[in-house]
Amino acid sequence: GASGLAGALSPAGAQPAGTPLLLDVGRTVALGGDALSHGPGLDCWEVRKQNSSEWCRFIRSNPDCQMDGGFLDYLNGVFCVFPPRLLPLAVTLYALWLLYLFVILGVTAEKFFCPNLSAISTNLKLSHNVAAFSLTFLLHGVTFLAFGNGAPDVFSAVVAFSDPRTAGLAIGAIFGAGVFVTTVVAGGIALVKPFTAASRPFLRDVIFYMLAVFLTFMVLYFGRIRLGEALGYLGLYVFYVVTVVLCTWIHRRQRGDGPAPPGPWEPEMPTDSEEPEPSGTNSSDYGEEYRPLLPSQETSLRILATALSPLDYRKWRRKPWYWRLFKALRVPVELVLLLTVPVVDPDKDDLNWKRPLNCLHILTSPLLCILTLKSGTYGLYQIQGVFPVWGLVTLVGSVLAIIIFITTSNEEPPKYHCVFAFLGFLASAMWINAAATELVNILRTLGIIFQLSNTVLGLTLLAWGNSIGDTFSDLTMARQGYPRMAFSACFGGIIFNILVGVGLGCLLQMSSSQPLVKLEPDSLLVWVLAGALGLSLVFSFVSVPAQCFQLGKAYGICLIAYYLVFLCVALLTEFRVIHLSTS
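Since this is a predicted model, take the numbers as computed values, not measurements.

### Let's talk about the overall build of the chain
Then, in step 1: When its secondary structure is counted, the chain shows 20 helices and seven strands.
Then, in step 2: Scored against the burial criterion, the 583 residues of the chain give a buried share of 52%.
Then, in step 3: Relative to all contacts within the chain whose residues are 6 or more apart in sequence, the contacts with residues 24 or more apart total 80%.
Then, in step 4: Total accessible area computed for the chain in this model is approximately 26,200 Å², and 68% of it derives from carbon and sulfur atoms.

### Some remarks on the packing of helix α3 (residues 74-81) against helix α16 (residues 419-450)
Then, in step 1: Put simply, α3 and α16 touch, their axes get as near as 9 Å, and they point 40° apart. If you check the angle between α3 and α16, you find them oblique. On α16, the residues touching Tyr74, Leu75, Val78 and Phe79 of α3 are Glu438, Asn441, Ile442, Arg444, Thr445, Ile448 and Ile449.
Then, in step 2: Broken down by class, the residue content of the contact of α3 with α16 amounts to seven nonpolar, two polar and two charged.

### Brief notes about helix α8 (residues 167-192)
An α-helix turns once every 3.6 residues. As a result, residues three or four positions apart point the same way.
Then, in step 1: Spanning 26 residues, α8 covers 36 Å between terminal C-alpha atoms, matching the ideal 38 Å at 1.5 Å per step.
Then, in step 2: Along its length, α8 shows its largest kink, about 30°, at Val181.
Then, in step 3: The buried count for α8 comes to 23 of 26 residues, which makes it a mostly enclosed element.

### Structural notes on the nonpolar core
Among soluble globular proteins, nonpolar side chains are generally buried collectively.
Then, in step 1: Of all hydrophobic cores here, the largest spans 128 residues; its most connected members are Phe79, Phe175, Tyr209, Ile225, Phe487 and Ile498.
Then, in step 2: If near-sequence neighbours (up to four positions away) are discounted, Phe79 is found in contact with Val47, Arg48, Trp55, Cys56, Ile59, Ile448 and Ile449.
Then, in step 3: Formed by eleven residues, the second largest nonpolar core is a distinct cluster that contains Ile120, Val344, Trp353 and Ile362.

### Observations regarding a nonpolar patch on the surface
Then, in step 1: Where nonpolar side chains cluster on the molecular surface, the patch consists of Tyr381, Ile383, Val386, Phe387, Leu392, Leu395, Val396, Val399, Leu400 and Ile403 and spans about 920 Å² of accessible area.
Then, in step 2: The element that contributes the greatest number of residues to the nonpolar patch is helix α15 (residues 389-407), accounting for six residues.
Then, in step 3: Along the chain, Phe387 falls in strand β5 (residues 387-388).
Then, in step 4: For Phe387, a relative accessible area of 40% translates into the label partly exposed.

### Thoughts on the state of the cysteines
Then, in step 1: Here the structure, examined in full by the defined rule, presents two disulfides.
Then, in step 2: Across a sulfur-sulfur distance of 2.1 Å, Cys44 and Cys65 are joined as a disulfide pair. Here the disulfide of Cys44 and Cys65 is right-handed, its torsion about the S-S bond being about 120°. With a gap of 21 residues between them, Cys44 in the loop between β1 (21-24) and α2 (55-61) and Cys65 in the loop between α2 and α3 connect regions that are remote in the sequence. One exposure class covers both Cys44 and Cys65, and it is buried.
Then, in step 3: Paired by a disulfide, Cys56 and Cys80 hold their sulfur atoms 2.2 Å apart. With the S-S dihedral at roughly 110°, the linkage between Cys56 and Cys80 falls on the right-handed side.

### Focus: unusual backbone geometry
Then, in step 1: The backbone phi angle of Gln451 is positive, close to 60°, even though this residue is not glycine.
Then, in step 2: For Gln451, the location among the structural elements is in the loop between α16 and α17 (454-479).
Then, in step 3: A relative accessible area of 27% places Gln451 in the partly exposed class.

### With respect to the environment of Phe405
Then, in step 1: Its place among the elements puts Phe405 in helix α15.
Then, in step 2: Using a relative accessible area of 33% as the deciding quantity, one classes Phe405 as partly exposed.
Then, in step 3: With 50 residues separating them in the primary sequence, Phe405 and Arg355 have C-alpha atoms 6.8 Å apart.
Then, in step 4: Contact partners of Phe405, with chain neighbours within four places excluded, come to Ser300, Arg355, Pro356 and Cys359.

### Points about the side chain of Thr437
Then, in step 1: Mapped onto the fold, Thr437 is located in helix α16.
Then, in step 2: Take Thr437: its relative accessible area is 13%, and that puts it in the buried class.
Then, in step 3: Leaving out residues up to four positions away in the same chain, Thr437 has contacts with Gly69, Gly70 and Val159.

### Description of the environment of Thr108
Then, in step 1: On the secondary structure map, Thr108 appears in helix α4 (residues 87-123).
Then, in step 2: Non-local contacts of Thr108, meaning those with residues more than four positions away in its chain, are made with Phe113, Leu337, Ser428, Trp431 and Ile432.
Then, in step 3: From its side chain, Thr108 meets the backbone oxygen of Ile104 in a polar contact 2.7 Å long.

### What to know about the confidence of the model for the chain
Then, in step 1: Looking at the chain, pLDDT values average 80 and 80% of them are 70 or higher.
Then, in step 2: Low pLDDT (under 50) marks residues 126-135, which in the prediction has twelve contacts with non-local residues, meaning those over four places away or in another chain.
Then, in step 3: Considering only residues more than four positions removed or in separate chains, one finds that residues 259-290, a stretch of pLDDT under 50, has 96 contacts.

### Considerations on the side chain of Arg355
Then, in step 1: One can find Arg355 in helix α14 (residues 355-372).
Then, in step 2: It is Glu411 that comes nearest to the buried, bridge-free Arg355 among opposite-charge side chains, at 7.2 Å.
Then, in step 3: Not counting residues within four places of it along the chain, the set of residues in contact with Arg355 comprises Ser300, Phe405, Thr408, Ser409 and Asn410.

### Describing the packing of aromatic side chains
Then, in step 1: Per the counting criterion, the structure on display carries 19 aromatic pairs.
Then, in step 2: Between Phe208 and Phe239, the ring centres sit 5.7 Å apart and the planes meet at 55°, which makes this aromatic pair tilted. With Phe208 in helix α9 (residues 199-222) and Phe239 in helix α10 (residues 227-255), this pair connects stretches of sequence that are 31 residues apart.
Then, in step 3: Owing to a relative accessible area of 7%, Phe208 belongs among the buried residues under this scheme.
Then, in step 4: The ring of Trp323 has Lys319 sitting right over it, with the charged end atom 5.5 Å from the ring centre.
Then, in step 5: Over the aromatic face of Phe405 sits the side chain of Arg355, whose NZ or CZ is 3.9 Å from the ring centroid.

### With respect to the pattern of salt bridges
Then, in step 1: Going through the model one piece at a time under the given rule, you end up with seven salt bridges.
Then, in step 2: Notably, a salt bridge pairs Glu46 with Lys49, separated by 3.7 Å at the nearest N-O pair.
Then, in step 3: In this structure, Arg330 and Glu334 form a salt bridge, with 3.0 Å as the shortest nitrogen-oxygen distance. Residue Arg330 and its partner Glu334 are both found in helix α13 (residues 321-340); the two are separated by four residues, about one turn of the helix.
Then, in step 4: Look at Arg330 and you get buried, because its relative accessible area is 10%.
Then, in step 5: Here the salt bridges do not stand alone but share partners, grouping Lys327, Arg330 and Glu334 into one network.

Rules behind the numbers
- Residues numbered from 1 in each chain as written.
- Predicted model: local features only at pLDDT ≥ 70, side-chain atom pairs only at ≥ 80, totals over all residues.
- Heavy atoms only, no water.
- Helix = DSSP H or I, 4+ residues; strand = E, 2+ residues; numbered from the N terminus.
- Buried < 20%, exposed > 50% of the residue type's maximum accessible area, 1.4 Å probe, protein only.
- Contact = heavy atoms within 4.5 Å.
- Areas by Shrake-Rupley, 256 points an atom, 1.4 Å probe, with all protein chains shown as cover.
- Axes fitted to C-alpha atoms, helices over the stretch in contact; angles between N-to-C directions.
- Parallel < 35°, antiparallel > 145°, perpendicular 65-115°, else oblique.
- Nonpolar A, V, L, I, M, F, W, Y, C, P; charged D, E, K, R; others polar.
- Expected span 1.5 Å × (residues − 1).
- Bend = angle between axes of the 7 residues up to and from the residue.
- Core = buried A, V, L, I, M, F, W, Y, C linked by side-chain atoms within 4.5 Å.
- Patch = residues over 30% accessible without salt bridge, like charges linked within 9 Å, V, L, I, M, F, W, Y side chains within 5 Å.
- Salt bridge = Lys/Arg side-chain N within 4 Å of Asp/Glu carboxyl O.
- Disulfide = S-S within 2.5 Å.
- Polar contact = N/O pair within 3.5 Å; in protein donor to acceptor, adjacent residues only side chain to side chain.
- pLDDT = per-residue confidence, 0-100.
- Lys, Arg positive; Asp, Glu negative; His and termini not counted.
- Phe/Tyr/Trp six-rings, centres within 6.5 Å; stacked < 30°, edge-to-face > 60°.
- Lys NZ or Arg CZ within 6 Å of the ring centre and 35° of its normal.

This is the structure we're talking about:
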């Protein structure tokens, strides 16, 4: 439940009961009671000011430098394992690992998380009435697909909010990604393919997003978020979903259209049928396009070997070198994910049923979940001090796998095959959570090394990394002739990220004795970021209707120029070139 996840994501150093959790979104941090003080020797940012021979001792003796989650201690690695003269090498390795973590997040969300979410939503369609199906299809687009596409952003925000020292990453990433998507991505779409925007969906999405930004601005201004305000974030998203469904239903009734479900590639109709985003369910990477014409009986061992192959050699030969290079980087990740995460595909005749591999998933998926939950703390726990939890999970999983293997066949999936979609959803979510935890920890480490605030790391590296996949997919969609669908995705997706990311991230840190999270923006950069996002939304809200929703290259150039100016101002603010006078 929520309390379990909150416990798994909460910092190890608990505060006294009733003390509000203080999340500092600037550079320094304090924990409600006396856990940390503002003394010059206790702030981890001071490590680079020490003599290089004292770095390791400072890191190991300072409680503010301890990593509360994750599998790797990055601060200890860079300041203790590597000698000071090899600091550039350590930073280079960390930067490469950071890029690979973004690859892990993207592959997991695209190939495993989104397809399982799609399968779950398909299985939850209980009504066969055509009109009900139409609304369910739309609801699927603004809930399940939004969750699937925004999973890396939301998980990163939840993990960042779980530690007061990294809360600035969450604020920076959510606002930074908002500015990036609504300016660079939206402007790029207008440059690639000038088009006429859908008026009502655009105005609705911008208004809701401005409400979300205003709510966050007020939370930062008052310096705290209460239980009602955290629930208000989630409630506003529910209201947004209901508004989308009702507006679409009313618009179709006014047009007198039949209740047929909207096709995912109908961009030229100015309705919400443009808005469902691609779910990323693409199984062609694993050789389905070369399926033999006549089915043949395959042995279980051959089915297992084929299912575990993430590489199609015929596709490999006809692809360019850069695709091969990127694919070679993805192969290890895809192989591990194929071993641990089942995928149910409702579009296939066999629902992607692979009996030997799915039976193996009965063992590997629960084992993965228990070993990644709170960085393996629960998995390594000894029952009665004798038997580890991971051993019990292995024993039970092995028995169930053998029973399923004996009672099923290779040709036909069992009636309970939909359960594997829920198992795959949980396993892929744990993978994303583990990768997001490592991502937040390594960004905090880089911030300490380069003396950068969490906010600027969030609005640059974390925001760019989480947005790069959406950027390429939206621009590709625009080049293929569907700019309005891509433009709608720019504003629809980030509404989910800010409302659920902030709402859920803060809600999971609250408890019955601590129904309050304090946010203290000690840096001017936080206000620059919030103001820039609000100003960009106001600019689009005014300029798009003024152009009669005809968006061309001038609009795109203005948006991209706006982002470059914002980035310059943000960096100048971070390095104290722009600052408030204290006279």
